[in-house]
Amino acid sequence: MHSPKAEELVERRYDRMKSEVLRRAIKVQSEILQASGGFLRQHGFVEILPVIISPVTDPLRHATGRAEVEHYGHRYQLTRSMIFHKQIALLTHDRIFAFSPNIRLEPVELADTGRHLVEFTQLDLEMRGATREEVMDLGENLLIHILEQVGERCPEEMDFFERDLVVPHKPFERIAYREARDRYAGDFEGVISQQHDEPVWIVDMAVEAREFYDREDPDRPGTLVDMDLLYPEGFGEALSGGEREHTFDRVQQRIESTGLDAEEFELYLAFARRGLPASAGFGIGIDRLTRFVCGSRTIEEVALFPKVPGTLSL
Ligand code: AMP
Ligand code: MG
């Protein structure tokens, strides 16, 4: 009745669905969702619904395949991130967030990193008129709040995972991107994450290392006003964000200098021409956060329906 692949999938996942590890991890994840949504609402954010298909989505120049659907002759892509929708949603409310499912057709070489899924969820937020400093401060407070709340509400789960969660201290350390790259050649993020026992910011990415929407510092051409947060203990990247390009001229210039096809972004450009607010924000992966909180080796172990690149998954 089933294909061998389906048979293998059921074999692999059925018992896992009833496992103590998954049951407890999903409880932790539920607390993470509650703590983060509650915190943001308390800080004046309005939750918006995620966008699943759109004619325009994050270009993501790294090796991420496109997933498309066609409807009555209109072509949509599955959302790789809500970056453009966040900027446009700020026309409606000043502070917004969404739990946004992202589809990124990651290459099979990333199957063993323990950090990459083809479908994952970002807590994606954006603040009108904010600076990078302000969103970094919010990010620190948000992470601290989540870890405190999970610690209080999930003591049995933390015991089960033998996880001694340390609530980090503000302000988190910062390292400039170029300095990090020069000091620890190769996988510098991995090394820095390994060597620290509290989260670390990487700031000021080089313009060629990021997408066109991160704002280039007018006083330091070639350097972006953006940041990544790295988890400690080798868990790697937690979030990415920054201030955004938002004026039509700048957005157009950045698209062109990146070598992208402006036509692909025509709808977004049309909104920029009418006027988009200045903003800053970030997206933090919920699946990776769950992995970090549970201290698990892979994201797959703590996800209910993990889509590991190259593997058939429910
Ligand atoms: P990005 O905009 O690419 O930095 O993605 C934002 C956040 O989503 C990252 O910081 C990660 O926490 C998470 N993320 C990105 N790609 C993946 C993936 N393939 N699987 C799981 N989480 C991801
Ligand atoms: Mg990133």
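The written sequence of each chain sets the order in which its residues are numbered from 1. For naming, the first written chain is A and the first written ligand is 1, with later ones following in the order written. Since the coordinates come from a predicted model, pLDDT governs what is reported: local features require at least 70, and pairs of side-chain atoms require 80 or more to be given and counted, while whole-chain, interface and lining totals use all residues. Side-chain numbers here rest on the full set of heavy atoms in the structure, without hydrogens or water.

Caption draft 1: Focus on the environment of glutamate 256. In this structure, glutamate 256 sits in helix H8 (residues 248–258). For glutamate 256, a relative accessible area of 52% puts it in the exposed group. Once the C-alpha coordinates of glutamate 256 and isoleucine 284 are considered, the two residues, 28 residues apart in sequence, prove to be 28 Å apart. Helix numbers and strand numbers start at the N terminus; a helix is a DSSP run of H or I with at least 4 residues, a strand a run of E with at least 2. Residue exposure (1.4 Å probe, protein chains only): buried if accessible area is under 20% of the type maximum, exposed if over 50%, otherwise partly exposed.

Caption draft 2: Spotlight on a nonpolar patch on the surface. Exposure above 30% relative accessible area and the absence of a salt bridge qualify a residue for a patch, where like charges join within 9 Å and nonpolar side chains (Val, Leu, Ile, Met, Phe, Trp, Tyr) within 5 Å. Areas reported here follow the Shrake-Rupley algorithm with a probe of radius 1.4 Å; residue values treat only the protein chains shown as occluding. Salt-bridge detection follows one rule: a side-chain nitrogen of Lys or Arg within 4 Å of a carboxyl oxygen of Asp or Glu. On the surface, Met17, Leu304, Phe305 and Leu314 cluster together into a nonpolar patch covering about 370 Å² of accessible area. For phenylalanine 305, the location among the structural elements is in the segment after helix H10 (286–294). Exposure remark for phenylalanine 305: the relative accessible area of 40% places this residue in the partly exposed category.

Caption draft 3: Molecular detail of the coordination of the magnesium ion (ligand 2). Surrounding the magnesium ion (ligand 2) are the protein donor atoms Glu237 (OE) and Ser240 (OG), at 2.2 to 2.3 Å. Exposure remark for glutamate 237: the relative accessible area of 22% places this residue in the partly exposed category. Donor criterion used throughout: N, O or S atom within 2.8 Å of the metal, extended to 3.2 Å for Na, K and Ca. Water excluded; incomplete-looking sites may result.

Caption draft 4: Looking closely at the pattern of salt bridges. In total, this model carries 30 salt bridges according to the counting rule given. Of the charged contacts in the structure, one is a salt bridge between glutamate 264 and arginine 66, with a shortest N-O distance of 3.1 Å. One end of the pair, glutamate 264, is in the loop between H8 and helix H9 (266–274); the other, arginine 66, is in the loop between strand E2 (53–54) and strand E3 (68–71), with 198 residues separating them in the sequence. Arginine 66 sits in the partly exposed class, given a relative accessible area of 42%. A salt bridge links glutamate 133 to arginine 174; the nearest nitrogen and oxygen atoms lie 2.9 Å apart. Taken together, the residues span a long stretch of sequence, with glutamate 133 in helix H4 (residues 132–153) and arginine 174 in strand E7 (residues 173–176) at a distance of 41 residues. A single network of salt bridges, built from pairs that share partners, joins Arg66, Glu68, Glu70, Arg75 and Glu264.

Caption draft 5: Seen up close, the sheet that holds strand E4 (residues 74–78). Pairing within the open sheet is antiparallel, and its three strands lie in the order E2-E4-E3. The open sheet has two free edges, formed respectively by E2 and E3, since each of these has just one partner strand. With four bridges connecting them, E3 and E4 associate as antiparallel partners. Bridged to valine 69 within E4 is tyrosine 76. Whether two strands pair depends on DSSP finding at least two bridges between them.

Caption draft 6: Structural context of the packing of aromatic side chains. A pair of aromatic rings is counted whenever rings of Phe, Tyr or Trp (Trp by its six-membered ring) have centres within 6.5 Å, and the orientation is called stacked for planes under 30 degrees apart, edge-to-face for over 60 and tilted otherwise. For the structure on display, the rule yields 13 aromatic pairs. With a centroid separation of 5.9 Å and 85° between ring planes, the pair formed by phenylalanine 84 and tyrosine 213 is classed as edge-to-face. With phenylalanine 84 in helix H3 (residues 83–89) and tyrosine 213 in the loop between strand E8 (200–203) and strand E9 (226–231), the pair connects residues that are 129 residues apart, well separated along the chain. When sorted by exposure, phenylalanine 84 lands in the same class as tyrosine 213, which is buried. Ring geometry for phenylalanine 160 versus phenylalanine 161: centroids 5.1 Å apart, planes at 80°, classification edge-to-face.

Caption draft 7: Region of the structure containing helix H2 (residues 20–42). The end-to-end C-alpha separation of H2 is 33 Å, in line with the 33 Å expected for 23 residues at 1.5 Å each. Every buried residue belonging to H2 is among Leu22, Arg24, Ala25, Val28, Gln29, Glu31, Ile32, Ala35, Ser36, Gly37, Phe39 and Leu40, and all of these are buried. The inward-facing, buried residues of H2 contact helix H1 (4–17), strand E5 (95–103), strand E6 (119–128), H4, helix H5 (155–160) and H10. One or two positions beyond H2, positive phi appears at glycine 44, with a value near 85°. The span expected for a helix works out to 1.5 Å for each residue beyond the first. Any pair of residues with heavy atoms lying within 4.5 Å of one another is described as a contacting pair.

Caption draft 8: Main features of the confidence of the model for the chain. A residue's pLDDT is the predictor's confidence in that residue, given on a scale from 0 to 100. Here the chain shows a mean pLDDT of 96. Residues at 70 or above account for 100%. Across the chain, the element-wise mean pLDDT spans from 91 in H1 up to 99 in strand E11 (residues 279–285).

Caption draft 9: Quick peek at the sheet that holds E8. A sheet is described by the order of its strands in space; here eight strands give the open sequence E1-E5-E6-E11-E10-E9-E8-E7, paired in mixed fashion. With partners counted over all chains shown, the strands left at the sheet margins are strand E1 (46–47) and E7, one partner each. As defined by bridge partners, E8 adjoins E9 across four bridges and the pair is classed as antiparallel. Paired with valine 200 across the two strands is leucine 230, which belongs to E9. In this analysis, axes come from line fits to C-alpha atoms, helices being fitted only over the stretch in contact, and the angle between any two N-to-C directions falls in the range 0 to 180 degrees. Strands in contact with H4 are E6, E7, E8, E9, strand E10 (236–243) and E11; relative to E11, the strand with the most contacts, it is inclined by about 30°. Its contacts with the sheet put helix H7 (residues 188–195) on E7, E8, E9 and E10, and the angle it makes with E9 is roughly 50°.

Caption draft 10: Quick look at the nonpolar core. Counting residues in each nonpolar core, the largest one holds 44 residues, and the members touching the most others are Phe282, Leu289 and Val293. Looking at which element gives the most residues to this core, the answer is H4, with nine residues. For the purposes of this section, nonpolar cores are sets of buried Ala, Val, Leu, Ile, Met, Phe, Trp, Tyr and Cys residues that join through side-chain atoms within 4.5 Å. One finds Phe84, Val251, Tyr268 and Leu269 within the second-largest nonpolar core, a separate group that totals 13 residues.

Caption draft 11: View of the site of ligand 1. Taken together, 15 residues lie near ligand 1, and Arg104, Glu106, Glu237, Ala238 and Ser240 sit nearest. Side-chain atoms alone can form a polar contact between residues adjacent in sequence; in general such a contact is a pair of N or O atoms within 3.5 Å, and within protein one must be able to donate a hydrogen while the other accepts it. Contact between ligand 1 and serine 240: an oxygen atom at 2.8 Å from a side-chain N or O atom of the residue. At 3.3 Å, a side-chain N or O of arginine 288 approaches a nitrogen atom of ligand 1. For ligand 1, whose unbound accessible area comes to 470 Å², protein coverage reaches 91%. Among the elements of the structure, E6, E10 and E11 are those that each provide at least two residues to the shell around ligand 1. Gly is placed with the polar residues, together with every amino acid not listed as nonpolar (Ala, Val, Leu, Ile, Met, Phe, Trp, Tyr, Cys and Pro) or charged (Asp, Glu, Lys and Arg). The residue makeup of the shell around ligand 1, split by class, is five nonpolar, five polar and five charged. One heavy atom within 4 Å of a molecule or strand makes the whole residue count as near it.

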